[in-house]
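In case you want the letters, here they are:
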Amino acid sequence: MDEEMSRTVLSVDDLHVQLTLGGRTLSPVDGVSFHVAAGESLGIVGESGSGKSLSLRAVLGLLPSGGESDGSIRFAFERGEISGDVEQVRGHGVAMVFQEPMTALNPTMRAGDLIAEAVRVRSGLSRRAAKARVIELMASVGIPDPARRARMWPHELSGGLRQRVMIAAALATEPELLLCDEPTTALDVTIQDQILGLLRRLREERGMSMVFVSHDLAVVAEVCDRVAVMYAGRIVETGPVDEVLRSPRHPYTAALLASAPSFQGGGGALATIPGSPPDPREFPSGCRFAARCAFARDDCRQAPYTLAGDEHRATACIHPEVLMEASA
Amino acid sequence: MSVESTAAIAAAATPSHAIAGVERVRMPRRVWVGALIVAAYVLVAVFAPLIAPYDPLEQDIVNALASPSWAHWLGTDELGRDVLSRLIFASRVDLLVGFLGAALPAILGTVLGAVAGFRGGWVDGVIMRISDVVQAFPTYILIIALVFVLGPGVTSILVAFTLIAWVAYARLIRTEVLRVRSLDYVAAARASGLRPGRILWRHVFPNSVGQTLVYLPSDIVGATLGLAALSFLGLGIQAPTPEWGAMIAAGQPYIREQWWLSTVPGLVVVGFGLGLSLIGEGIEEWTRK
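Here the structure is a predicted model, which means the values were calculated and not measured.

Novice: Which residues make up empty space enclosed by the protein, and what values go with them?
Specialist: If you walk through the whole model with that rule in mind, you get 2 cavities of 30 Å³ or more. What the largest cavity holds in volume is close to 230 Å³. Along the wall of the largest cavity there are 21 residues; nearest its centre are A:His250, A:Cys287, A:Arg288, A:Ala316 and A:Cys317. Quantified by volume, the second largest cavity comes out at close to 190 Å³. Those elements that place two or more of their residues in the lining of the second largest cavity are strand S6 (94-97), helix H3 (111-123) and helix H6 (159-171) of chain A together with helix H9 (184-191) of chain B. At 4 residues, H9(B) tops the list of elements feeding residues into the lining of the second largest cavity. Taken together, the residues of the lining of the second largest cavity break down into 14 nonpolar, 3 polar and 1 charged.

Novice: Tell me about helix H11 (residues 210-232) of chain B, and name the residues and values.
Specialist: Residue and element names in this part refer to chain B. Taking 1.5 Å of rise per residue, the 23 residues of H11 would be expected to cover 33 Å, and the 34 Å separating its terminal C-alpha atoms lies within 8% of that figure. Along H11, the largest kink reaches about 30° and is centred on leucine 216; proline proline 217 follows within four residues of it. Glycine 234 occupies a position one or two residues after H11 and carries a positive phi of about 85°.

Novice: Talk me through the layout of surface pockets; I want residue IDs and the actual numbers.
Specialist: Estimated volume of the second largest pocket: approximately 480 Å³. Put simply, the parts of the chain that give the lining of the second largest pocket at least two residues each are helix H2 (52-59) and strand S4 (67-77) of chain A together with helix H8 (154-181) and H9 of chain B. With 7 residues, the single largest contributor to the lining of the second largest pocket is S4(A). Looking at the lining of the second largest pocket, its residues break down into 13 nonpolar, 9 polar and 6 charged.

Novice: Kindly report on the packing of helix H3 (residues 29-46) of chain B against helix H5 (residues 83-119) of chain B, identifying the contributing residues and their values.
Specialist: Residues and elements named next belong to chain B. Axis separation between H3 and H5 bottoms out at 8 Å; the angle between their running directions is 120°. The angle between the axes of H3 and H5 places the two elements in the oblique class. Of the two possible hands of crossing, H3 and H5 adopt the one that is left-handed. Each of Val38, Tyr41, Val42, Val44, Ala45 and Val46 in H3 lies in contact with H5, whose residues at this interface are Ile88, Ser91, Arg92, Leu95 and Phe99. Looking at the contact of H3 with H5 residue by residue, the classes come out as 9 nonpolar, 1 polar and 1 charged.

Novice: Explain helix H6 (residues 121-136) of chain B to me, and be specific about the residues and the numbers.
Specialist: Residues and elements named next belong to chain B. Over its 16 residues, H6 extends 22 Å from the first C-alpha to the last, a length consistent with the 22 Å expected when each residue adds 1.5 Å. Residues of H6 that are buried include every one of Val123, Asp124, Ile127, Met128, Ser131 and Val134, and no others. The buried residues of H6 all sit within an arc of 110° when viewed along its axis, so they share a single face. Across H6 from its buried face, at more than 90 degrees, point the exposed residues Gly121, Trp122 and Ala136.

Novice: Can you explain the sheet that holds strand S5 (residues 80-83) of chain A? Please cite residues and give values.
Specialist: Residues and elements named next belong to chain A. Reading across from one edge, S2-S1-S4-S5 is the order of the 4 strands in this open sheet, with antiparallel pairing throughout. Only two strands of the sheet have a single neighbouring strand rather than two, namely strand S2 (24-37) and S5. Each neighbouring strand pair of the sheet contributes to a mean axis angle of 5°, computed without reference to strand direction. Pairing between strand S1 (residues 8-21) and S4: 8 bridges, direction antiparallel. Bridge pairing links valine 17 to serine 69 in S4. Packing against the sheet, H2 makes contact with S1, S2 and S4, and its axis sits at approximately 115° to S1.

Novice: If you had to explain unusual backbone geometry to someone new, which residues and values would you point to?
Specialist: All names here are of chain A. Look at glutamate 174: it is not a glycine, yet its phi comes out positive at around 50°. Judged by its relative accessible area of 47%, glutamate 174 is partly exposed. Even without glycine at this site, alanine 232 takes up a positive phi of about 50°. Along the chain, alanine 232 turns up in the loop between strand S9 (226-231) and strand S10 (234-240).

Novice: Now, about the state of the cysteines: what can you tell me, with residues and values included?
Specialist: Residue and element names in this part refer to chain A. Counted under the stated rule, the structure contains 0 disulfides over all chains. Between cysteine 224, a free cysteine, and cysteine 180, which holds the nearest cysteine sulfur, the sulfur-to-sulfur gap is 8.5 Å. Residue cysteine 300 stays outside any disulfide, its sulfur separated by 5.9 Å from that of cysteine 287, the closest cysteine.

Novice: I'd like a description of the sheet that holds S10(A), backed by residues and values.
Specialist: Residues and elements named next belong to chain A. Spatially, 8 strands are ordered S6-S7-S8-S3-S9-S10-S12-S11 in an open sheet, and the strand pairing comes out mixed. On the outer flanks of this sheet lie S6 and strand S11 (308-309), each paired with one strand and no other. In the sheet, strand S3 (residues 41-45) pairs with S9 via 4 bridges, with the strands oriented parallel. Counterpart to isoleucine 44 in the pairing with S9 is alanine 228. Its contacts with the sheet put H6 on S6 and strand S7 (177-181), and the angle it makes with S6 is roughly 170°. Most of the contacts of helix H10 (residues 251-258) go to S9, to which it runs at about 100°, and overall it touches S3, S9 and S10.

Novice: So what's going on with the domain arrangement of chain A? Which residues, and what values?
Specialist: All names here are of chain A. Domain parsing of chain A yields domain 1 (2-93 + 175-327) and domain 2 (104-174). Summarising the inter-unit geometry, the C-alpha centres of domain 1 and domain 2 are found 29 Å apart. With 17 residues of domain 1 at the interface, the matching set in domain 2 holds 13 residues. Carbon and sulfur atoms make up 63% of the surface buried where domain 1 meets domain 2, a total of about 1200 Å² over both sides. On inspection of domain 1 and its partner domain 2, the count reaches 0 salt bridges. Linking domain 1 with domain 2 are 3 residue pairs in polar contact (both at pLDDT 80 or more). Of the residues forming the side of domain 1 that touches domain 2, the biggest block, 8 residues, is contributed by helix H7 (residues 189-206). Residue classes in the side of domain 1 that touches domain 2 are distributed as 10 nonpolar, 4 polar and 3 charged.

Parameters at a glance
Note on numbering: residues in each chain are counted from 1, in written sequence order. Each chain takes a letter, starting from A, and each ligand takes a number, starting from 1, following the order in which they are written. In keeping with the predicted nature of the model, local features appear solely for residues at pLDDT of at least 70, side-chain atom pairs appear and are counted solely at 80 or more, and the whole-chain, interface and lining totals rest on all residues. Each side-chain value is derived from all of the structure's non-hydrogen atoms; neither hydrogens nor water enter the calculation. As defined here, a cavity is a set of points on a 1 Å grid over the protein atoms alone where a 1.4 Å probe fits but cannot get out. A pocket is an open set with protein on both sides within 12 Å along at least five of seven lines, and residues line them when an atom is within 4 Å of a point. Grid points are joined across faces, edges and corners, and a volume is the space filled by probe spheres set on the points. Helix numbering and strand numbering both begin at the N terminus, where a helix is a DSSP run of H or I of at least 4 residues and a strand a DSSP run of E of at least 2. Residue polarity is assigned by list, with Asp, Glu, Lys and Arg as charged and Ala, Val, Leu, Ile, Met, Phe, Trp, Tyr, Cys and Pro as nonpolar; anything else, Gly included, falls into the polar class. Multiply 1.5 Å by the residue count of a helix minus one, and that product is the helix's expected span. Bending is quantified residue by residue as the angle between axes fitted to the seven-residue window ending at that residue and the seven-residue window starting at it. Each axis is a line fitted through C-alpha atoms, taken for helices only over the stretch in contact, and angles between the N-to-C directions span 0 to 180 degrees. For classification purposes, an angle smaller than 35 degrees is called roughly parallel, one larger than 145 roughly antiparallel, one from 65 to 115 roughly perpendicular, and anything else oblique. Helix crossings are classified by the rotation of the near helix relative to the far one: an anticlockwise turn of less than a right angle makes the crossing left-handed, while a clockwise turn makes it right-handed. Between two residues, a contact is recorded if the distance between any of their heavy atoms is within 4.5 Å. Residue burial is assigned from relative accessible area. The probe radius is 1.4 Å, only protein chains are included, and a residue is buried under 20% of its type maximum, exposed over 50%, and partly exposed in between. This arc is built from the directions going out from the helix axis to the C-beta atoms. At least two DSSP bridges between two strands are needed for those strands to be called paired. Here, a disulfide means two cysteine sulfur atoms that sit within 2.5 Å of each other. A domain assignment, automatic or from a database, supplies the domain bounds used here. Using a 1.4 Å probe, buried area is obtained as the accessible area two parts lose upon being combined, added over both of them. What counts as a salt bridge is simple: a side-chain nitrogen of Lys or Arg found within 4 Å of a carboxyl oxygen of Asp or Glu. Polar contact is the term for a pair of N or O atoms within 3.5 Å; when the atoms are in protein, one must be able to donate a hydrogen and the other to accept it, and sequence-neighboring residues count only if both atoms are side-chain atoms.

As structure tokens, this is what we get:
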């Protein structure tokens, strides 16, 4: 088990994403590195525009048109190591769950057919055998009356059921690594809890690794072992979820925590982070959070970007001690 | 059973339709009215020999240019042939050219446009430049030139229509494919490792074809009118085979006295066009919802 845990299923090194929009080239992802061990769940947290979703999509080569990625992405599955060719891992080791269950399900395919298609990508099962497998998968993700729901169109299903269908389709390829792009953001709170519970259960049952992208630290805390906090295209802090939540070492993480209702006892007014994230067309030099940081000093604006620390815990802040002083 | 899945069952006990935002939209009634009209034309064309009171080619010079009567409901033409029977038989070639003259370019254009939009790159460049070249010519001049080279007849007319009319379909579907290609369910299909051909066929194409279906009925009318125009110019269906456009042309010299000779075939074409327009408009309304 220990040996198994030490295998790194996904390692991303120095990932850059360039987007060309209207003749201008942006770098919304600017040197991101992370890794996921077998059976581990990594959360990537950040505001919209931080580059978290693009980083995730780049892993499977699913960037929007005009997008190009650069950097090393390596997979290590039970069947061996793969790097450089995403075609080899799509539906064959890696699966992905998307944010909007309305737009991520083809409206012209019945739920069952959609899952069956994914089942048949890998298994080469006959139509009939695939059908049985579809019902089994739908039941395993908690879809009641799966035989009937398999014949329904996406628009006939509720948001929660749609998301379950998408998860079932992702599981159909029996992935070792599941990438989740804000899978609960579009859902209301009770359904969100159910889906998070489902993902947690499936991960335990199947020993899957997971990368979970969200803007919500509370959601990540529920399903992830480790977290990477992203800001303006870079990871600013990483570490075990509970440690990062308890004692953040980057002022951005601290500010994010202060502005999340789930971590504020009682009903006081929520803190907001003053200002807005920097424009990806002209990222400032030095620490990109400095302009909004309550603790910023002169040297912050020149500091080159490095994640200081070890495998366990790292921060890009050059003055992490200010947070300890502030909380003391 | 975990807490999570019992909660799921409780949540699912409320009808899912109540939560789902979109209702399945019914086809508007006009589609069915249009379909009835078109179906009537198709039935007449199929059963022409059973319905027509006379042989459409049988001449009766003595009885030429007769007014409508119980014997000849729509009178006779300049060669004494029964106009009603000729109209009925004409529907065969007119409907054939109308349907095939729209379907063949639709198939060719849709395939080329969908591949161009989906593949992008040089494939897109080549296909769209060819379409630019075709579009740069005035349509009718190009059709006339092609039919002139290939020789008159149904086959050469269909070939000419297909070589020219595919462009509109290619452009229509390409635009839609470019839109759909960037949607999440296509990314999801890619992520699950489906082959590009299957993604195009099952995920992109069905969601891109709506505008084409709206355009198709009006193009059937266009093809029928195109045939009529060619026949009018003597490049279409050759005498004595009855054809609506040729009948309109043939009736022209007698428009003052025997006005129905041109008018009735004209109205027949209008009726066919109306039926198809109702279908097209209805589908448009339906796809917008």
